[in-house]
Amino acid sequence: MLGTELSLLFEKLGIPFVGTDQEVDITNPVAIRDFSQTQSIKQSIEQSIEWIINCAAYTAVDKAEDDKENSHLLNTAGPRNIAAQAKELGARLIHISTDYVFNGQGSKPYTEEDSTDPIGIYGLTKRDGEIKVLEENEKSYIIRTAWLYGKYGNNFVHTMLRLMKERESISVVNDQQGSPTWARDLAETISAFISLTAEGKTIPYGIYHFTNEGEITWFDFAREIYTQAQANGILTKNCEVKPCTSADFPAKVKRPAYSVLDKSKIKTTLGITIPSWDESLRRFLYA
């Protein structure tokens, strides 16, 4: 989802890049090194590898509880390997992390300085991945995001639209608070780190938060998806969107009840304005 958005954006901006998928095993340091060396040989000195962006992750939150080994490999060991290779190349790293590093028991937006306390294997392995990245390569940026959706790949918006077309009513949890994030907005913010650095701006390394603006529940999100889809003709039948509690949908892992991220640091540092969640949803649905 995010990798495709980045690829399309880099093509549009004329930024040379090489995208990878499962042909490069991030859990294998040798595989990462061999790929990097091959690409370095292919590129001229002027086009040596300057940045590495890691969008890979094990994101099946419930499945991770019974698949701890692979979750650790992809979310902790893999990022560590990438960070080490970036350091060897003298490249900057952008690593994508998650709101799940927090326990969700707060009541105000989490800042980058707040203590982490993950409540499941997914969040734990992502938090440990952050630590390993910063230990391995001081030239690293970690961007925590949340509630990501986009054109490519499975996500909440696609699921809601499908269910709304199939059913007369749906129930959506109304006791989890957060902020949706359009993958294209996140991709553009990632590219800002690269373009601003190229222009000579000094951007301090470390952890940053990015989501779209606003605080809502999944029910609020679903209700707005329905309203906007009705308005632009994507949805032509009626479907009742009803609120429910997390207890109505038992899961192996408890989701954070409150996972709103404070974006002050990234807005100030990059000098950007972040769109509201409903504005970005509208742009997404009309794209």
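All values reported here derive from a predicted model rather than from experimental measurement.

How each quantity is defined
Residues numbered from 1 in each chain as written. Predicted model: local features only at pLDDT ≥ 70, side-chain atom pairs only at ≥ 80, totals over all residues. Heavy atoms only, no water. Helix = DSSP H or I, 4+ residues; strand = E, 2+ residues; numbered from the N terminus. Rg over C-alpha atoms; globule rule 2.2 N^0.38 Å. Buried < 20%, exposed > 50% of the residue type's maximum accessible area, 1.4 Å probe, protein only. Contact = heavy atoms within 4.5 Å. Areas by Shrake-Rupley, 256 points an atom, 1.4 Å probe, with all protein chains shown as cover. Lys, Arg positive; Asp, Glu negative; His and termini not counted. Charge placed at Lys NZ, Arg CZ, Asp CG, Glu CD. Salt bridge = Lys/Arg side-chain N within 4 Å of Asp/Glu carboxyl O. Phe/Tyr/Trp six-rings, centres within 6.5 Å; stacked < 30°, edge-to-face > 60°. Pairing = 2+ DSSP bridges. Axes fitted to C-alpha atoms, helices over the stretch in contact; angles between N-to-C directions. Left-handed = near helix turned anticlockwise from the far one by under 90°. Nonpolar A, V, L, I, M, F, W, Y, C, P; charged D, E, K, R; others polar. Expected span 1.5 Å × (residues − 1). Bend = angle between axes of the 7 residues up to and from the residue. Core = buried A, V, L, I, M, F, W, Y, C linked by side-chain atoms within 4.5 Å.

A. Looking closely at the overall build of the chain. Assigned secondary structure in the chain consists of 10 helices and 10 strands. Taken against the 2.2 N^0.38 rule, which gives 19 Å for 287 residues, the C-alpha radius of gyration of the chain at 19 Å falls within 12% of a compact globule. With respect to the principal axes defined by its C-alpha atoms, the chain has extents near 60 × 40 × 35 Å. Taken across its 287 residues, the chain has 46% of its residues classed as buried. A separation threshold of at least 6 residues defines the contact pool for the chain, and within that pool the share at least 24 residues apart is 84%. Roughly 13,900 Å² of accessible area belongs to the chain as shown, and the carbon and sulfur atoms make up 49% of that amount. Mean positive and mean negative side-chain charge positions of the chain (31 and 39 charges, respectively) differ by 2 Å.

B. Structural view of the pattern of salt bridges. Considering all chains together, one arrives at 13 salt bridges under this definition. With a closest N to O distance of 3.5 Å, Arg 162 and Glu 166 form a salt bridge. With a gap of 4 residues between them, Arg 162 and Glu 166 both fall in helix α6 (residues 156–166), about one helical turn apart. A salt bridge links Arg 223 to Asp 220; its shortest N-O distance comes to 3.2 Å. Within this pair, Arg 223 and its partner Asp 220 are both found in helix α8 (residues 218–231), separated by 3 residues, close to a single helical turn. Bridged by salt links that share partners, the residues Glu 213, Lys 263 and Lys 267 form one connected network.

C. Up close: the packing of aromatic side chains. For the structure on display, the rule yields 17 aromatic pairs. With 5.3 Å between their ring centres and 70 degrees between their planes, Tyr 100 and Tyr 122 make a pair best called edge-to-face. With Tyr 100 in the loop between β2 (92–98) and α5 (121–136) and Tyr 122 in helix α5, the pair connects residues that are 22 residues apart, well separated along the chain. Residue classification places Tyr 122 among the buried positions, given a relative accessible area of 8%. Here Trp 182 and Phe 284 contribute two aromatic rings whose centre-to-centre distance is 6.2 Å and whose plane-to-plane angle is 70 degrees, an arrangement assigned as edge-to-face.

D. Fine view of the environment of Pro 16. Note on placement: Pro 16 falls in the loop between α1 (2–13) and α2 (29–42). Looking at Pro 16, the relative accessible area reads 59%, which means it is exposed. For the pair Pro 16 and Ile 49, spaced 33 residues apart in the sequence, the C-alpha separation amounts to 9.8 Å.

E. Representation of the environment of Ala 86 in the model. Counting through the fold element by element, Ala 86 comes out in helix α4 (residues 68–89). C-alpha separation for the pair Ala 86 and Glu 50, spaced 36 residues apart in sequence, amounts to 8.5 Å. Not counting chain neighbours up to four residues away, the residues in contact with Ala 86 comprise Ile 52, Ala 91, Leu 93 and Asn 137.

F. Local environment of the sheet that holds β2. Taken in spatial order, the 4 strands of this open sheet run β1-β2-β3-β8, and their pairing is parallel. What marks the edges here is a single partner per strand, and that holds for β1 (51–54) and β8 (206–209). With direction set aside, neighbouring strand axes in the sheet form an average angle of 20 degrees. By the bridge criterion, 6 bridges tie β2 to strand β3 (residues 140–145) in an arrangement that is parallel. Residue Ile 94 lies in a different strand from β3, and its bridge partner there is Tyr 141.

G. The packing of α6 against helix α10 (residues 277–286), seen in detail. Relative orientation of the contacting elements α6 and α10 amounts to 65 degrees, with a least axis distance of 12 Å. Of the two possible hands of crossing, α6 and α10 adopt the one that is right-handed. Contact residues: α6 offers Val 157, His 158 and Leu 161, while α10 offers Leu 281, Phe 284 and Leu 285. The residue inventory of the contact of α6 with α10, partitioned by class, reads 5 nonpolar, 1 polar and no charged.

H. Expanded view of α4. With 22 residues, α4 extends 30 Å from end C-alpha to end C-alpha; this agrees with the ideal 32 Å at 1.5 Å per step. When the local axis directions of α4 are compared, the greatest deviation, roughly 35 degrees, occurs at Ala 77, which is followed within four positions by the proline Pro 79. Where α4 is concerned, the buried positions are Ser 71, Asn 75, Thr 76, Ala 77, Gly 78, Pro 79, Asn 81, Ile 82, Ala 83, Gln 85 and Ala 86. Once α4 finishes, Gly 90 follows within two positions and takes phi at roughly 75 degrees, a positive value.

I. Focus on the nonpolar core. Counting residues in each nonpolar core, the largest one holds 29 residues, and the members touching the most others are Val 157, Met 160, Met 164, Val 172, Phe 221, Ile 225 and Leu 281. Only α6, β5 (169–173), α8, β10 (240–244) and α10 provide two or more residues apiece to this core. In terms of residue count, α8 provides more of this core than any other element does, 7 residues in total. Apart from residues lying up to four places away in sequence, Val 172 is in contact with Phe 156, Met 160, Trp 218, Phe 219, Ala 222, Val 241, Lys 242, Pro 243 and Cys 244. Among the nonpolar cores identified, the runner-up in size contains 22 residues, and Ile 143, Leu 186, Tyr 208 and Leu 270 belong to it.

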